[in-house]
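What follows is the residue order along each chain.
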Amino acid sequence: MNDTAHAIRIRPGGPADAPALLGMLDSAVAWMNARGNTEQWGTTPYSQRPGGPERIERYTTENTPYVAELDGVPVGALVLDHGPSPQLPIAPAGEPERYVRLLVSDRRHAGRGIGAALLAHAAEETRRAGVALLRVDCWAGGGGELVAFYERNGFAPAERFLSGEWPGQVLARRVGPALG
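Caption draft 1: Examining unusual backbone geometry more closely. Here Asp-71, not a glycine, exhibits a phi torsion of approximately 55°, which is positive. Within the secondary structure, Asp-71 is located in the loop between strand S2 (64–70) and strand S3 (73–81).

Rendered as structure tokens:
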């Protein structure tokens, strides 16, 4: 039995975590590319993309980041916001929502439930805030594995979208009735 999920500690993130997030994103790009996936995040390391480091800095200062740790070492991260990125063709939900802007895990720890633990934490934080809707968008290309991952974690497909040639899927999860 895999006990890693029980050893994962999730804590609030901040600007000091930006280098770890960039490292995880860079390794995720390399991992995807090694498996033939160059469409999801391209081939340029995230830390070398125009605007990449600045985006991560904004995520750690303007949004609500969480970092998953194993034995004190960052192994995953999730960033929550109050709606989708204005750079994507995704409409706001029309009700209060929390939106997963980023979910990444250290690929050296793949399959250990880090992403699932972070999503469960996001659902609990959303519920704690008195918000009933948690949404996320993801790449809908390839064989649909990423969409299936979110479905396994309680999300249901909502609308599909295109950002240029990039196929995306918005997924939604009800986390409870809104308070108030």
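Caption draft 2: Spotlight on the pairing of S3. Taken across its nine residues, S3 has seven buried, putting it largely inside the fold. Examined bridge by bridge, S2 and S3 share seven bridges and lie antiparallel to one another. Counted as the bridge partner of Ala-68 is Gly-76 from S3. The turn joining S2 and S3, which pair antiparallel and follow one another in sequence, is formed by two residues; a positive phi near 55° is taken by Asp-71. Two strands pair when backbone bridges link them, and S3 and strand S4 (residues 97–105) are joined in this way by six bridges, in the antiparallel orientation.

Calculation notes
Residues numbered from 1 in each chain as written. Predicted model: local features only at pLDDT ≥ 70, side-chain atom pairs only at ≥ 80, totals over all residues. Heavy atoms only, no water. Helix = DSSP H or I, 4+ residues; strand = E, 2+ residues; numbered from the N terminus. Buried < 20%, exposed > 50% of the residue type's maximum accessible area, 1.4 Å probe, protein only. Pairing = 2+ DSSP bridges.

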